Amino acid sequence: MKTSQFITLHNGVKMPQLGFGVWRVSPEDGVDAVRTAIEVGYRHIDTAAVYKNEEQVGEAIRQSGIAREELFITTKVWNADQGFDTTLKAYEDSLKKLGLDYVDLYLVHWPVKDKYLETYKALEKLYDEKLVPAIGVSNFHIHHLEDIAAHRNIKPMVDQVELHPMLQQNELRDYCFKNGIAIEAWSPLMQGGEALTNPIISELAEKHGKTPAQVVLRWHLQRDVIAIPKSITPSRIQENFDVFNFELSSDDMNSIASLNASKRVGPDPDNFDF
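Residues numbered from 1 in each chain as written. Predicted model: local features only at pLDDT ≥ 70, side-chain atom pairs only at ≥ 80, totals over all residues. Heavy atoms only, no water.

## Topic: the layout of surface pockets
Spelled out, the test is: The rule is simple: put a 1 Å grid over the protein atoms alone, call a set of points where a 1.4 Å probe fits but cannot get out a cavity, call an open set with protein on both sides within 12 Å along at least five of seven lines a pocket, and count a residue as lining if it has an atom within 4 Å of a point. Grid points are joined across faces, edges and corners, and a volume is the space filled by probe spheres set on the points. Side-chain classes are defined by residue name, with Ala, Val, Leu, Ile, Met, Phe, Trp, Tyr, Cys and Pro counting as nonpolar, Asp, Glu, Lys and Arg as charged, and the others, Gly among them, as polar.
The computed volume of the largest pocket comes to approximately 720 Å³. Surrounding the largest pocket, 35 residues form its lining, Trp23, Trp186, Ser187, Gln191 and Lys230 being those nearest its centre. Classifying every residue of the lining of the largest pocket gives 18 nonpolar, 13 polar and 4 charged.

## Regarding the environment of Leu217
What counts is decided by this rule: Here a strand is any run of E in DSSP of at least two residues, a helix any run of H or I of at least four, and the numbering for each starts at the N terminus. The criterion used for residue contact is that any of the two residues' heavy atoms lie within 4.5 Å.
Structurally, Leu217 can be placed in helix 8 (residues 212-222). For Leu217 and Pro188, which are 29 residues apart along the polypeptide, the C-alpha to C-alpha distance reads 7.2 Å. Those residues within four positions of Leu217 in sequence are excluded, and the remaining contacts are Leu18, Pro188, Leu189, Ala227, Pro229, Asn240 and Val243.

## Re the pattern of salt bridges
Definition in use: For this document, the term salt bridge refers to a Lys or Arg side-chain nitrogen within 4 Å of an Asp or Glu carboxyl oxygen. Here's how the labels work: a residue is buried when its accessible area is under 20% of the maximum for its type, exposed when over 50%, partly exposed in between, all with a 1.4 Å probe on protein chains only.
Evaluation of the coordinates by the stated rule reveals 13 salt bridges. Here Lys76 ties to Asp46 by a salt bridge, and the two come within 2.6 Å at their closest N and O atoms. In this pair, Lys76 is assigned in strand 5 (residues 72-77) and Asp46 in strand 4 (residues 44-46), connecting sequence segments 30 residues apart. Look at Lys76 and you get buried, because its relative accessible area is 0%. One salt bridge in this structure joins Glu129 and Lys125, with 2.7 Å as the shortest N-O distance. On the basis of relative accessibility, which here comes to 43%, the residue Glu129 falls in the partly exposed class. The partly exposed category is assigned to Lys125, whose relative accessible area is 32%. Via salt bridges that share partners, Asp32, Arg35 and Glu39 belong to a single interconnected network.

## So, the pairing of strand 8 (residues 158-162)
What counts is decided by this rule: If DSSP finds at least two bridges between two strands, the strands pair. Handedness of a crossover is defined as follows: with both strands directed away from the viewer, a clockwise route from the first strand across the helix to the second makes it right-handed.
Where burial is concerned, most of strand 8 is hidden: 5 out of the 5 residues are buried. As defined by bridge partners, strand 7 (residues 134-138) adjoins strand 8 across 2 bridges and the pair is classed as parallel. From the neighbouring strand, Ser138 faces strand 8, where its bridge partner is Gln160. Between strand 7 and its parallel partner strand 8, the chain crosses via helix 5 (residues 142-151), and the hand of that crossover is right-handed.

## Structural notes on helix 6 (residues 170-178)
For clarity, the threshold we go by: To obtain the arc, one takes the directions from the helix axis to the C-beta atoms.
Those residues of helix 6 that fall on the buried side of the exposure criterion are Leu172, Arg173, Tyr175 and Cys176. Buried residues of helix 6 fall within an arc of 165° about the axis and therefore sit on the same side. Summarising the geometry of helix 6, the exposed residues directed more than 90 degrees from the buried face are Glu171 and Lys178. Buried residues along helix 6 sit against helix 5, strand 8 and strand 9 (182-186). Looking one or two residues beyond helix 6, the residue adopting positive phi is Gly180, at roughly 75°.

## Topic: the sheet that holds strand 9
Inclusion rule: In this description, a line fitted to the C-alpha atoms serves as the axis of each element, helices being fitted only across the stretch in contact, and the angle between N-to-C directions of two axes falls anywhere from 0 to 180 degrees.
Here 8 strands make up an open sheet; going across it, the order is 3-4-5-6-7-8-9-10 and the pairing parallel. Sheet topology places strand 3 (20-21) and strand 10 (226-227) at the edges, where each strand pairs with a single neighbour. Each of strand 5, strand 6 (105-108) and strand 7 is contacted by helix 4 (residues 116-128), which is oriented at about 160° to strand 7, the strand it contacts most.

Right, here's the structure in full:
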């Protein structure tokens, strides 16, 4: 039985397809939650400067006893730090907080107008100097990705976006696949629980003897999407990782495809003010 699987990024780096997200995980809960995730089997942890829990992620990594090269760590440069020089400093600051020599993937957190190209240029410098194995973006629409392609030298390896059964991002996903960019889902289970109480997903969960969350995560994996569910509850952390021992049929996948409503829970990347 598989206990994990990987997406190979366009530069050959292997990224665990199922990761553990720590958005809105408080500093008080951070160490225990991340350590539990690593004990369960997660090897991919996703944080960001603005989450204010990089120190706790680093401490959990140290407590886990797992070799650094077995882990895949992502963090992101926040909007207030965007720009060329400020991004380079932000990366150093994140490494200090994490207590790490490098992160595996560094992302531009949001496409801040008139800044994200300079920010991405700084990521290219970090990549060219072999200070980070992979770089990418978060919350970028197709037109943002095309702007990067027109003005920068290195194609993003990843675009991390809001993606769940009610917002399937099919056009963006197809664009990314066509252009060799891996797509990653934040809020893969949809904040607010609407996806997990949907009758179609509940029916599939009963059919497979799984929970609705496990069905949704399995759907992501079978669509070749990277997913980073978040929880601070040990049983839920374990449950969300237990998705490698069943498979959704093509009819099951089509049933979930029918739920797409282009419904965002988070901000639209073309209209945010932070």
